[in-house]
2 protein chains.
Amino acid sequence: MIHSLSLSDVLADHARSRPRVTAVVDGDLRITYPELDDRVSRLAAALAGLGVSGGDRVVWLGRNAYAVLELLLACSRLGAVCCPANWRQSQDELRFVLTDLTPAAVVWEPSEAVEALRDHGTTWIRAGEEYERLISGTVPREFPQADDAEPVLALYTAAFGGRPSAALLSSAALVAHATSLLVVRQMEPGFTFLNNGPLFHVGTMMFCLATLQIGGTNVFTPAFDPGEVCRLIDAERVTQAFLFGQMIDAVAEANADGKYDLSSLRFVSHSAEWDDMITVDDSPWCRSKMGGYGQTEVGGMLTFLGLAEGGAGFAGRPSPLVQVRILGPDGGEVPAGEVGEICARGKTLFSGYFARPDLNAEKTKYGWHHTGDLGRREPDGTITFVGPKLRMIKSGAENIYPAEVERALKTHPAVADAAVIGVPDPDWHQAVKAVVVLDAGATATPDELMEHVRTALAAYKRPRHVVFADTIPKRGFTPDYDALDEAHGGGNYPGS
Amino acid sequence: MIHSLSLSDVLADHARSRPRVTAVVDGDLRITYPELDDRVSRLAAALAGLGVSGGDRVVWLGRNAYAVLELLLACSRLGAVCCPANWRQSQDELRFVLTDLTPAAVVWEPSEAVEALRDHGTTWIRAGEEYERLISGTVPREFPQADDAEPVLALYTAAFGGRPSAALLSSAALVAHATSLLVVRQMEPGFTFLNNGPLFHVGTMMFCLATLQIGGTNVFTPAFDPGEVCRLIDAERVTQAFLFGQMIDAVAEANADGKYDLSSLRFVSHSAEWDDMITVDDSPWCRSKMGGYGQTEVGGMLTFLGLAEGGAGFAGRPSPLVQVRILGPDGGEVPAGEVGEICARGKTLFSGYFARPDLNAEKTKYGWHHTGDLGRREPDGTITFVGPKLRMIKSGAENIYPAEVERALKTHPAVADAAVIGVPDPDWHQAVKAVVVLDAGATATPDELMEHVRTALAAYKRPRHVVFADTIPKRGFTPDYDALDEAHGGGNYPGS
């Protein structure tokens, strides 16, 4: 076990190496690394006292809070698995989570949906006073070293066959992924991250854990509120927050009067107003386009745009800690330029879905994790994300991937967002229909948009129908295609 | 094996993700990543054909060359272990290496010492033509995925009991360590490293492998030649070379006429002339003082000064991928401020010494790797390296660690280098004796130096004797204390 480094171990080292550094800020609460280490030891001991043991699941049902990180670290110390669930879900969806995960304990914040679940048989610990009493009333305890290859975090994702599955991530995978962010974002000690995106989503969680890894400060806020984000950036000298697209516009607008000093934020260039408020960062993560290709099952990011500046592929190049292959249905590698499934191996990969043995076998066939997404290796070695494998439109004999069409539409200056579905077509089986959101105040006609994509897309890929909408429904970062199909008459998909 | 990422896997991914990037430059030889991948597959197949199989050792006996990296990668592909040995050693020392490691193959460059060993029973492959014939004459072959937890590199170090031992490093440890350098040195794609230090030493090897990890370019030169280093920096737009202290002075002097453009080098500030020639780098590795505390057994660096700017400890803070504890003889943690043994766990640690079961058990007692070095945790959590555990001077009842005294002496402006030994003393059992090298043209008397350290050191630690020498004999980066004792009358050490 000399090579093991669990999240609990990372904390234990910071408690010694960074005795004066603030680990966590949440409202009036400020916790140093030694204090966090002590609280986590107490919490782990308390959970053990309530019967939670190695491999058991502990669920968080609430908004963002310091307790999410503490629960995750206590689970790591215990060898248990922490699942911050999406508490915004309906009562039925939340009941599915409890039935699926059979948690040994649930820490909860009151809400209508959660209150209705209290008949579910498990240990219920109310966030706030009861949670704090548990910590203060328990003596810290030494636990045997946890194996960093064991799962420690469960995040629901991947609604295969209509029901979501909990992706299990080990400490080893989370530490490796955090380190890849340290590399690409060039994070340093002193990094302060504002957790204003949902912690049940890997996009926020991955930066929370990278901040932990480098011994920085995690600031928690219950949810995204542009004014509060401004206040916290100023007050806590925040280095980075969970912001993109319209969230950035909202923050810039909230600070239009310059009330708050946002210069500590080192982030991507966005608009003239924004760039004046913040410090534009020159790390590979921020320098040109942020992001890459990722999914919960790879710990967050599999490829980074920042590792492929000027590259042809829209997804960049692989993280230094993974391998990527574009594989055909038979498990063989497809040649550069051809579309296949994006497959991966490496240090950041998940350990399978909780209680889904058949799905897990299917996802790891031929010894590679199959992402369920299609991609292409470009001649310069960079990778293009083509679209979800299960979301393909068939028009005539041709395969059309929505993401490709959406990308072309979004290059029009008036388009704020776009999603593409397939609708039944008497001649071609399906036809491409685009649902487009225009920028506030901008105008464009369907004909203009169809004309705009003419050079970028082959004729069979071009939308035959364009409708305008106020917003695109989302599931995480991708369009909610089921909702779009229902609202805009999608159907006749291949295999359906 | 979905989580495994061997050095061979890193290469296989670069061959796809970086088809146009130059991986290796050595003299007239330029090899892209796909070419390197192909050559390594051929070399692995050729070695397998010669009977080398999983776990076998392959030794390199020669100067720095592209073949060292190729052999290491081919061993990774095969599951074998590559040992670049210090070919400057005497014939007896080299024979010890062959007897100890019992390699299945030796790739060699002619030298008097090596020629004399050719009676040793193994497969001898001469570097250059024979090696190239082997590669060109063999068909590349697919090998089953190697387990990244298996050893792949052996580096001789740690002369416990007078004989060196081969530290075994796995792909997992080397990849983790390389990633820690990517973080602290903020290495990016395009990084070009000049391998001008010896590849049998972890100090050069670790940057060679970090450069591989990020998909950069490794430039090889047989040995350190200041003029050639200048030429190569200019010609290959080198980002970093293996340079420190007097090596930097020598390079600056070799380029005093400004013949070569060294501006591609992003490195530490050193002298006015030097800073004018290069680009002073602001990564944590280069920003203030370079380095930290390290040893071969931890993959290179265990702690980094760049993670503890302004910290009290001379060794900085731990790498993000390890834990460090200061332990007492009973395995318990000693309080901050007290001296104990520097111990470690984590992703970068070695897998033990080759064929030294007793030593390995001793080094991993209480579940922690014992570095054999003494250190102290400072109140701010940073770590101070106090000195080798086995190199302690006892004067009166007091323990004196040479490194502490040496550090104080080196703060005198006239002192270029210093080493401290214990000499027999009739009253105090031992007395401290300093061997000092003065800067060229500088003068200082023994009394001046003794006076200089008065404020920094307690009375019992101050040198009672000071002698001057032209140079301090070294073993790697540390003084060769055995040689110093012999030359300057050292003795009466505790336990001897």
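Residues numbered from 1 in each chain as written. Chains lettered and ligands numbered in written order. Predicted model: local features only at pLDDT ≥ 70, side-chain atom pairs only at ≥ 80, totals over all residues. Heavy atoms only, no water.

Remarks on the interface of chain A and chain B
Under the convention used in this document: A contact between two residues is defined here by any heavy atoms of the two lying within 4.5 Å. Defined in terms of a 1.4 Å probe, buried area is the accessible area two parts forfeit on being brought together, summed over both. By convention in these notes, a salt bridge is any Lys or Arg side-chain nitrogen within 4 Å of a carboxyl oxygen on Asp or Glu. Within 3.5 Å is the distance limit for a polar contact, defined as a pair of N or O atoms, with the added protein rule that one can donate a hydrogen and the other accept it, and that residues adjacent in sequence qualify only through two side-chain atoms. We count a stretch as a helix when DSSP gives it H or I for four or more residues in a row; a strand needs E for two or more, and each element gets its number in order from the N terminus. For this classification, the nonpolar set comprises Ala, Val, Leu, Ile, Met, Phe, Trp, Tyr, Cys and Pro, the charged set comprises Asp, Glu, Lys and Arg, and every other residue, Gly included, is treated as polar.
With 53 residues of chain A in contact, the opposing surface of chain B contributes 53 residues. Interface area, chain A with chain B, both sides summed: about 4200 Å², of which 52% is carbon and sulfur. Remark: the boundary between chain A and chain B carries six salt bridges. Where B:Glu188 meets A:Arg287, a salt bridge forms, and the shortest distance between an N and an O atom there is 2.8 Å. Put simply, chain A and chain B have 26 residue pairs in polar contact (both at pLDDT 80 or more) between them. When contributions to the side of chain A that touches chain B are tallied by element, the ones reaching two or more residues are α1 (7-17), α7 (171-184), α12 (284-287), β16 (317-318), β17 (322-327), β18 (339-346) and β19 (369-377) of chain A. The residue inventory of the side of chain A that touches chain B, partitioned by class, reads 23 nonpolar, 15 polar and 15 charged.

Overview of the domain arrangement of chain A
Rules: Boundaries of every domain are those given by an automatic assignment or by a domain database.
Each assigned domain of chain A is listed with its residue range as follows: domain 1 (7-213), domain 2 (224-287), domain 3 (292-388) and domain 4 (395-488). Each of domain 2 of chain A and domain 3 of chain A was reduced to a C-alpha centroid, and the two centroids are 31 Å apart.

Some thoughts on the sheet that holds strand β20 (residues 383-388) of chain B
Residues and elements named next belong to chain B. The condition that has to hold: Should DSSP find at least two bridges between two strands, the strands are taken to pair. Structural elements are reduced to axes, namely lines fitted to C-alpha atoms, with helices fitted over the stretch in contact, and the angle between N-to-C directions of any two is expressed from 0 to 180 degrees.
The four strands lie next to each other as β17-β18-β19-β20, forming an open sheet whose pairing is antiparallel. In this open sheet, the two strands that pair with only one neighbour each are β17 (322-327) and β20. Averaged over neighbouring strand pairs, the angle between their axes works out to 45° when direction is ignored. The sheet contact formed by strand β19 (residues 369-377) and β20 spans five bridges and is antiparallel. Bridging across to β20, Asp373 finds its partner in Pro388. Along the sheet, helix α14 (residues 402-410) makes contact with β19 and β20, crossing β20 at roughly 110°.

Let's talk about the packing of aromatic side chains
Working definition: an aromatic ring pair is given by the centre-to-centre distance plus the angle between the planes. Residue and element names in this part refer to chain A. What counts, and what does not: Stacked, tilted and edge-to-face are the three classes applied to pairs of Phe, Tyr and Trp rings, where Trp contributes its six-membered ring and a pair requires centres within 6.5 Å; stacked means planes under 30 degrees apart, edge-to-face means over 60, and tilted covers the rest. Buried means the residue's accessible area, taken with a 1.4 Å probe over protein chains only, is under 20% of the maximum for its type, while exposed means over 50%, and partly exposed covers the values in between.
As enumerated under the stated definition, the model contains 16 aromatic pairs over all chains in all. On the numbers, 6.1 Å between centres and 70° between planes, the contact of Tyr66 with Tyr131 is edge-to-face. Of this pair, Tyr66 sits in helix α3 (residues 66-78) while Tyr131 sits in helix α6 (residues 129-136), and the two are 65 residues apart along the sequence. Judged on exposure class, the residue Tyr66 and its partner Tyr131 are both buried.

So, the side chain of A:Lys461
Residues and elements named next belong to chain A. Counting through the fold element by element, Lys461 comes out in the loop between α15 (446-452) and β25 (465-468). The class of Lys461 is buried, set by a relative accessible area of 13%. Residues contacting Lys461, with those up to four places away along its chain left out, are Ile400, Glu404, Val405 and Val432.

Examining the pairing of strand β4 (residues 81-85) of chain B
Looking down a regular strand, the side chains alternate between one sheet face and the other. Residues and elements named next belong to chain B. Our working rule: By the criterion used throughout, a crossover qualifies as right-handed when its path from the first strand across the helix to the second strand runs clockwise, the strands pointing away from the viewer.
Within β4, five of the five residues are buried, which leaves the element mostly enclosed by the surrounding structure. With burial as the criterion, each face of β4 is covered, one bearing Val81, Cys83 and Ala85 and the other bearing Cys82 and Pro84. The pairing of strand β3 (residues 57-61) with β4 spans five bridges and is parallel. Residue pairing in the sheet places Val58 in a bridge with Cys82 of β4. Handedness of the crossover joining β3 and β4 through helix α3 (residues 66-78) is recorded here as right-handed.

A short note on the relation of the copies chain A and chain B
What counts is decided by this rule: When the copies are superposed, the least-squares fit draws on C-alpha atoms of residues that have pLDDT of at least 70 in both.
With an axial shift of 0.0 Å and an RMSD of 0.1 Å, the rotation relating chain A to chain B amounts to 180°. The transformation just described matches what one would write down for a two-fold rotation axis. Proximity to the rotation axis, assessed at the C-alpha, singles out A:Val183 in chain A; its C-alpha lies 2.4 Å from the axis. When the interface residues of chain A are mapped onto chain B, 100% of them again lie at the interface, so the same face is used by both copies.

Considerations on a negative patch on the surface
All names here are of chain A. Using the following cut-off: Residues qualify for a patch when their relative accessible area is over 30% and they have no salt bridge, like charges being joined within 9 Å and the nonpolar side chains of Val, Leu, Ile, Met, Phe, Trp and Tyr within 5 Å. Shrake-Rupley sampling with a 1.4 Å probe provides the accessible areas, and residues are treated as covered by the protein chains on show and by no other component. For the purpose of counting charges, residues Lys and Arg are taken to be positive, whereas Asp and Glu are taken to be negative. His and the chain ends are not included. To locate a charge, the coordinates of NZ of Lys, CZ of Arg, CG of Asp or CD of Glu are taken.
Residues Asp249, Glu253, Glu273, Asp276 and Asp439 make up a contiguous surface patch of negative charge. Mapped onto the negative patch, the elements with two or more residues apiece are α10 (246-254) and α11 (272-277). Structurally, Glu273 can be placed in helix α11.

Structural notes on the packing of α1(A) against helix α8 (residues 202-213) of chain A
All names here are of chain A. Our working definition: By definition in this entry, angles of less than 35 degrees are roughly parallel, angles greater than 145 are roughly antiparallel, angles of 65 to 115 are roughly perpendicular, and the rest are oblique.
As a packed pair, α1 and α8 sit with axes 10 Å apart at the nearest point and diverge in direction by 40°. By the angle between their axes, α1 is oblique relative to α8. Within the contact between the two elements, α1 uses Leu7, Val10 and His14 and α8 uses Leu209, Leu212 and Gln213.

Comments concerning the pairing of strand β8 (residues 165-170) of chain A
All names here are of chain A. Burial analysis of β8 places six of its six residues in the buried class, the great majority of the element. In the sheet, strand β7 (residues 151-157) pairs with β8 via six bridges, with the strands oriented antiparallel. Each bridged residue has a counterpart across the sheet, and for Thr157 the counterpart in β8 is Ser165.

A few points about unusual backbone geometry
Residues and elements named next belong to chain A. Positive phi values are uncommon outside glycine, yet Gln186 reaches one of about 50°. Within the secondary structure, Gln186 sits in the loop between α7 and β9 (192-195). Among the residues examined, Gln186 registers a relative accessible area of 14% and is labelled buried. One non-glycine residue, Arg237, lies in positive phi territory at about 50°. Tracing the backbone shows Arg237 in the loop between α9 (226-236) and β11 (240-241).

Things to note about the side chain of B:His177
All names here are of chain B. By the element assignment, His177 lies in helix α7 (residues 171-184). Given the relative accessible area of 1%, His177 is considered buried. Among the polar contacts listed, one links the side chain of His177 to the backbone nitrogen of Met301, at a separation of 2.7 Å.

Regarding the UniProt feature "domain: AMP-binding enzyme C-terminal" (unreviewed entry) in chain A
Test applied: UniProt positions are given in the numbering used here, feature names are shortened, and annotations may be inferred rather than shown by experiment.
Under the UniProt annotation, "domain: AMP-binding enzyme C-terminal" (unreviewed entry) lies at residues 404-474 of chain A. Helix makes up 20% of residues 404-474 of chain A and strand 37%, with an end-to-end C-alpha separation of 17 Å.

Considering α8(A)
Each turn of an α-helix holds 3.6 residues, which means side chains three or four residues apart point in the same direction. All names here are of chain A. Rules: To estimate the expected span of a helix, subtract one from its residue number and multiply by 1.5 Å.
Here α8 is 12 residues long and its end C-alpha atoms lie 16 Å apart, about the 16 Å a rise of 1.5 Å per residue gives. Judged by how many residues are buried, α8 sits mostly within the fold: 12 of 12 residues are covered. Along α8, the positions that sit buried rather than exposed are Val202, Gly203, Thr204, Met205, Met206, Phe207, Cys208, Leu209, Ala210, Thr211, Leu212 and Gln213. Looking at the residues trailing α8, positive phi occurs at Gly215, about 75°.

Re the sheet that holds strand β1 (residues 22-26) of chain A
In a beta sheet, neighbouring strands pair by backbone hydrogen bonds and run either parallel or antiparallel. Residues and elements named next belong to chain A. Strand order in the open sheet formed by five strands is β2-β1-β10-β9-β11, with mixed pairing between adjacent strands. Sheet topology places β2 (29-32) and β11 at the edges, where each strand pairs with a single neighbour. Where β9 and strand β10 (residues 217-220) come together, four bridges link them in parallel fashion. Each residue of the ladder has a partner; that of Thr192, found in β10, is Thr217. Contacts from α9 reach β1, β2, β9 and β10, with the element oriented near 160° to β9.

Some thoughts on the environment of A:Val21
Residue and element names in this part refer to chain A. Secondary-structure assignment places Val21 in the loop between α1 and β1. Residue class for Val21 comes out partly exposed when judged on its relative accessible area of 26%. On a C-alpha basis, the gap between Val21 and Gly215 in space is 7.8 Å, while along the polypeptide they are 194 residues apart.

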